[in-house]
Structure formats: structure tokens, C-alpha cells
Amino acid sequence: MQLIAQSGSVEDYLCETKEVNYSHPSIQQLANELYSSSVSETEFVKIAFEYVRDQIAHSWDIQSSRITCIASDVLLYQEGICYAKSNLLCAILRCKGIPTGFCYQRLTLGDTPEMGYCIHALNSVYLSSIGRWIRLDARGNKPGVNAKFSLDEEHLAFQIRDYYEEMDYPVMYTAPHPKTIDVLRRHSDCIQMYLHGLPTEI
């Protein structure tokens, strides 16, 4: 799939926002730790991605009712759904000057369309060493989900199934889509939000 940049300015993919609050001391500390253990830009991105994928629990997987949104809160509580985890990965990478965006997929909420659809969030990252964007999905692995860091073929959490009318959105957004932030702000129980409140399109 050909990715489409929402903005032609790479600087827009480095901005700090309320949700991507990379000036927060905890984000700064983590980014510095991960960066200091890396020998290259590519390794830093890989380590940061794997940290968010593996160390931050997906709220649905652990059946938590807590809702997180702002990157520093995701880090504090060590959990969040894909919208929140993409905020954290973006904050870590932007903290060190790595342009990072937000990408989305429309997926079935369950294994088949009967339960409806939901919007899933992941990240796009620009690697200057290879001169192009790649997509990374830090949702968190589990049986049937095996997202990996790759510079070649994508290894995302979910493969699009056209026969179920799932789809990839090609736009790389500079900020989290308002629909994803709104749903996190409006709900107080993550399980109920996940089952009944997630947006179905963007």
C-alpha cells in the first residue's frame, strides 16, 4: 500500500501535543534510556517499538477497566488500548527527533463482522537511514497476533481481510485522529468502551 502523508512538512511529525507529551520527565527518561542502549537510529526505533509492544499491556488483553490516553499516563499505568499505545510510541520517538505519525485500519471487532467493526491504530515512522516511512503496530502480541519490527515486509498485528470489508487507511496523520481521542475522553470503563464505544470509521 502506498502511504500518503497528511503534511508535506516532516516537522509536523515531530510536534508535541497534549496526548504526545514527550517533554514529560518520565517520557524523557525512558527515551534517554532506550536511546543510550542503541547504536543506530534503526536500533532505537526497534527497541522503542518492542518496549511499547511488550511492556505496555493492552487493556483488553488484561481485562482492565482503566482508560489511558496521554503518553505519560500510558507509561505510568503500563497499559492502554492501541490508541493509547500509539500515543506513547510516538512520544518516545519524537522525543529523539524521529518523525512519527498515526495510521489506522478498519477491522472486525471480533473474528467475523457479526460483532461489528472498529478502528485500530498503529504508527508510521520515518527512518532517515533508509529514506522512507515504515508502519509499526505496537498493539501487543498474543496467540494469533505476532507484530514485528521489519524494514522490508510489514509484520503488523492484523492482516486486512477484504472479504470482510476490512481496510487500510493510507493517510499518515500528524496527530491522533480526533475520533480516537474523543472515545477515550468520553468513557470511564475500558471494557464497555471496547465492546460498544469504539469508532467504526474515520
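Preceding this paragraph is the structure being described.
Residues numbered from 1 in each chain as written. Predicted model: local features only at pLDDT ≥ 70, side-chain atom pairs only at ≥ 80, totals over all residues. Heavy atoms only, no water.

Asks: Explanation requested: the side chain of R106 in the structure shown.
Replies: The residue R106 is located in strand β4 (residues 100-108) in this model. It is E165 that comes nearest to the buried, bridge-free R106 among opposite-charge side chains, at 4.7 Å. At 3.2 Å, the side chain of R106 forms a polar contact with the backbone oxygen of T200. The contact partners of R106, leaving out residues within four places of it in the chain, are Y117, C118, I119, I160, E165, E166, M167, Y169 and T200. (Helix = DSSP H or I, 4+ residues; strand = E, 2+ residues; numbered from the N terminus. Buried < 20%, exposed > 50% of the residue type's maximum accessible area, 1.4 Å probe, protein only. Lys, Arg positive; Asp, Glu negative; His and termini not counted. Salt bridge = Lys/Arg side-chain N within 4 Å of Asp/Glu carboxyl O. Polar contact = N/O pair within 3.5 Å; in protein donor to acceptor, adjacent residues only side chain to side chain. Contact = heavy atoms within 4.5 Å.)

Asks: Is there a simple way to think about the nonpolar core in this case?
Replies: Membership of the largest hydrophobic core comes to 52 residues, with the highest contact counts inside it found for V45, I81, Y83, L88, I92, L93 and L198. Among all residues touching V45, those that are not within four sequence positions of it are L93, I98, V125, L127, L136 and F149. Counting residues in hydrophobic clusters, the runner-up holds 6 residues, among them L3, C103, L122 and M172. (Core = buried A, V, L, I, M, F, W, Y, C linked by side-chain atoms within 4.5 Å.)

Asks: Got a minute to help me understand the packing of aromatic side chains in this structure?
Replies: The way to describe two aromatic rings as a pair is by their centre distance and the angle between their planes. If you walk through the whole model with that rule in mind, you get 6 aromatic pairs. Taking 5.2 Å as the distance between ring centres and 75° as the angle between the ring planes, the aromatic pair formed by Y35 and F44 counts as edge-to-face. Taking relative accessible area as the criterion, F44 reaches 0% and is therefore assigned buried. Taking 4.8 Å as the distance between ring centres and 15° as the angle between the ring planes, the aromatic pair formed by W60 and Y194 counts as stacked. With W60 in the loop between β2 (57-58) and α3 (71-77) and Y194 in helix α6 (residues 190-196), the pair connects residues that are 134 residues apart, well separated along the chain. Through a chain of ring-to-ring contacts, three or more aromatic side chains come together here, namely Y13, Y126 and W133. Seen from the ring of Y35, K96 lies directly overhead, with NZ or CZ sitting 5.1 Å from the centre. For R106, the ring lying beneath its charged end belongs to Y117, and the centroid distance is 3.8 Å. (Phe/Tyr/Trp six-rings, centres within 6.5 Å; stacked < 30°, edge-to-face > 60°. Lys NZ or Arg CZ within 6 Å of the ring centre and 35° of its normal.)

Asks: What exactly am I supposed to notice about the environment of P170 here?
Replies: Take P170: it is sitting in strand β7 (residues 167-173). For P170, a relative accessible area of 26% corresponds to the partly exposed category. Apart from residues no more than four positions distant in its own chain, P170 is found in contact with M1, Q2, L3 and I4.

Asks: Looking at this model, I keep getting lost on the packing of helix α2 (residues 41-55) against helix α4 (residues 82-95). Mind explaining?
Replies: A pair of packed helices can be characterised by two numbers: the angle between their axes and the separation between those axes. Where α2 meets α4, the axes come as close as 10 Å, and the angle between the chain directions of the two elements is 150°. One way to sum up the angle between α2 and α4 is to call them roughly antiparallel. As for how α2 packs across α4, the hand of that crossing is right-handed. Across from F44, V45, A48, F49, V52 and R53 in α2, the residues of α4 making contact are K85, L88, L89, I92 and L93. (Axes fitted to C-alpha atoms, helices over the stretch in contact; angles between N-to-C directions. Parallel < 35°, antiparallel > 145°, perpendicular 65-115°, else oblique. Left-handed = near helix turned anticlockwise from the far one by under 90°.)

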